[in-house]
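One-letter residues, chain by chain:
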Amino acid sequence: MKVTKFPIIEHKKIWFIISLLVIIPGIICMFTKGLNFGIDFTGGTIMDLKFGQPVTITQVRDVMGKYGLDNCTIQLSGAESGIKESENVMIRTVDLQETERKEIMNTLREQVGDYQVLREEKVGATIGGELITNAVLALVVSWALIILYVSYRFEFSFGLAAVLALVHDILVVLAFFAFTQRQVDSSFVAALLTIVGYSINDTIVIFDRIRENMKLHFHKGGDIGLLADKSILQTLTRSMYTVFTVLFTTFALYWFGGDTTKDFAFALLVGFGSGCYSSIFIASPLWSIFHKISDKRKNNARAARVAAKAEPAK
């Protein structure tokens, strides 16, 4: 087997260090600054207003920003698709004190226009602690099932490497949201599940090529790292085409989708990029490490059996 021009497996420590330079500061940031949970998690206030003339989201957000509420959710209702302004505006923000709420509403009347209050109420968190626990449990169960399925179709080392790559992707996305303090809401959970689906698919493509090359005995008598490098190189073009196509579409959603989808699209941008990176630079090197450990154990066990048979009976 020829040595690849860019030995990925040989430089696995570099790729691991690059990931740790993002993940470790991200974990520290999560513990110090925390994540910016939206009202889906914390509860808050809903104000449904009908203005006397069409208004834009920017006009309303400018007012909310004066009170440090830039991350509030503002939706236009009653407008046709593609229309950027409407008379009906729904504002979802953190829980406000009565005096602060009245002050905001007075400022909206002065700077945006007169309005009629259609609804004004406090809401509880739509995603409580129990639902968060169930979501984490479902994620862990899915990882266990992935390990079982991939172990059945490939081998255990493939499944373990694939799941660790998924954990890597989730930690990277959480780190970026901790750094930027973007809002974490119900759409963020949907984004994480989408990222997991994309990342495992990209990883399986590479693993399938590794398995095919192993069946063709490309690694017989050679280094398993060279086998993995060759397999990555053979699937690299497909991986690049896929990730760039997905990133172009997601970037369009981020740029043109409006304020309500920016955080969701941002999570996808980070996650898809991390998913492509982890499939090549994290999952495959991890598999090579686990495979070598497994082979070493098998060889030691085989040598022990041979030695036991060769030992003369007393």
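Preceding this paragraph is the structure being described.
Now for a quick tour of the structure. (Residues numbered from 1 in each chain as written. Predicted model: local features only at pLDDT ≥ 70, side-chain atom pairs only at ≥ 80, totals over all residues. Heavy atoms only, no water.)

### A closer look at the packing of helix α7 (residues 186-215) against helix α8 (residues 224-256)
What counts is decided by this rule: The angle between two axes is taken between their N-to-C directions and runs from 0 to 180 degrees, where each axis is a line fitted to C-alpha atoms and a helix contributes only its stretch in contact. By the criteria applied, helices consist of DSSP H or I runs no shorter than four residues and strands consist of E runs no shorter than two, each listed in order from the N terminus. Orientation labels follow simple angle bins: below 35 degrees gives roughly parallel, above 145 gives roughly antiparallel, 65 to 115 gives roughly perpendicular, and whatever is left gives oblique. Here is the rule for handedness: rotate from the far helix to the near one, and if that takes an anticlockwise turn smaller than a right angle the crossing is left-handed, while a clockwise turn gives right-handed. In what follows, residue pairs with any heavy atoms lying within 4.5 Å of each other are defined as contacts. Each residue receives one of three labels: charged for Asp, Glu, Lys and Arg, nonpolar for Ala, Val, Leu, Ile, Met, Phe, Trp, Tyr, Cys and Pro, and polar for the others, Gly being one of them.
In contact at an axis separation of 9 Å, α7 and α8 are set at 150 degrees when each is read in the N-to-C sense. For the element pair α7 / α8, the angle class is roughly antiparallel. As for how α7 packs across α8, the hand of that crossing is right-handed. In contact with Tyr198, Asn201, Asp202, Val205, Ile206, Arg209, Ile210, Asn213 and Met214 of α7, α8 contributes Leu227, Ala228, Ser231, Ile232, Gln234, Thr235, Arg238, Ser239, Thr242, Val243 and Val246. In the contact of α7 with α8, the residues fall into 10 nonpolar, 7 polar and 3 charged.

### Describing the environment of glycine 38
Spelled out, the test is: Burial classes follow relative accessibility: with a 1.4 Å probe on protein chains only, a residue under 20% of its type's maximum area counts as buried, one over 50% as exposed, and anything between as partly exposed.
Topologically, glycine 38 is positioned in the loop between β1 (36-37) and α2 (39-42). Among the residues examined, glycine 38 registers a relative accessible area of 2% and is labelled buried. Spatially, the C-alpha atoms of glycine 38 and valine 94 are 7.6 Å apart, while their sequence positions differ by 56 residues.

### A few points about the pattern of salt bridges
When the charged atoms of two side chains lie near each other, side chains of opposite charge can form a pair. Filter applied, for reference: Within this document, salt bridges are pairs made up of a side-chain nitrogen of Lys or Arg and a carboxyl oxygen of Asp or Glu, the two lying within 4 Å of each other.
Evaluation of the coordinates by the stated rule reveals 8 salt bridges. For glutamate 98, the salt bridge identified is with lysine 102, shortest N-O distance 3.9 Å. One end of the pair is glutamate 98 and the other is lysine 102, both in helix α4 (residues 98-111) and 4 residues apart, which spans about a single turn. Taking relative accessible area as the criterion, lysine 102 reaches 46% and is therefore assigned partly exposed. Where arginine 182 meets aspartate 263, a salt bridge forms, and the shortest distance between an N and an O atom there is 2.9 Å.

### Digging into the packing of helix α3 (residues 57-65) against α4
Packing of α3 against α4 leaves a shortest axis separation of 10 Å and a crossing angle of 135 degrees. On the basis of their axis angle, the class for α3 and α4 is oblique. Handedness of the crossing formed by α3 with α4: right-handed. Here Val60, Val63 and Met64 of α3 come into contact with α4, specifically with Ile104, Thr107, Leu108 and Gln111. Partitioned by chemical class, the residues of the contact of α3 with α4 number 5 nonpolar, 2 polar and no charged.

### Quick notes on the nonpolar core
The nonpolar side chains of soluble globular proteins are, as a tendency, buried together. To be explicit about the condition: Here, nonpolar core refers to any group of buried Ala, Val, Leu, Ile, Met, Phe, Trp, Tyr and Cys residues whose side-chain atoms link them within 4.5 Å.
Ranked by size, the top nonpolar core spans 57 residues in total, and within it Phe158, Val173, Phe177, Phe188, Phe207, Ile210 and Trp287 carry the most contacts. When contributions to this core are tallied by element, the ones reaching two or more residues are α1 (12-32), α5 (129-153), α6 (156-180), α7, α8 and α9 (259-310). Looking at this core, the element that brings in the most residues is α9, giving 14 residues. Residues in contact with valine 173, not counting those within four places in the same chain, are Phe188, Leu192, Ile195, Ala267, Val270 and Gly271. Met64, Cys72, Leu96 and Leu108 belong to the second-largest nonpolar core, a separate cluster that totals 19 residues.

### Looking at the sheet that holds strand β2 (residues 44-56)
Note the following rule: Strand pairing follows a simple DSSP-based rule, namely that at least 2 bridges must link the two strands.
Ordered by their spatial adjacency, 4 strands build an open sheet running β3-β4-β2-β5, and the pairing between neighbours is antiparallel. If you trace the sheet from one side to the other, it starts and ends with β3 (73-77) and β5 (115-123), each paired once. On average, each strand axis in the sheet is tilted by 20 degrees relative to the strand beside it, whichever way the strands run. Judged from the 8 bridges that link them, β2 and strand β4 (residues 85-93) form a sheet pairing that is antiparallel. Bridging across to β4, threonine 56 finds its partner in glutamate 85. Of the strands in this sheet, β2, β3 and β4 touch α3, which is tilted by about 130 degrees from β2. Sheet strands touched by α4: β2, β4 and β5. Its angle to β5, the strand with the most contacts, is close to 155 degrees.

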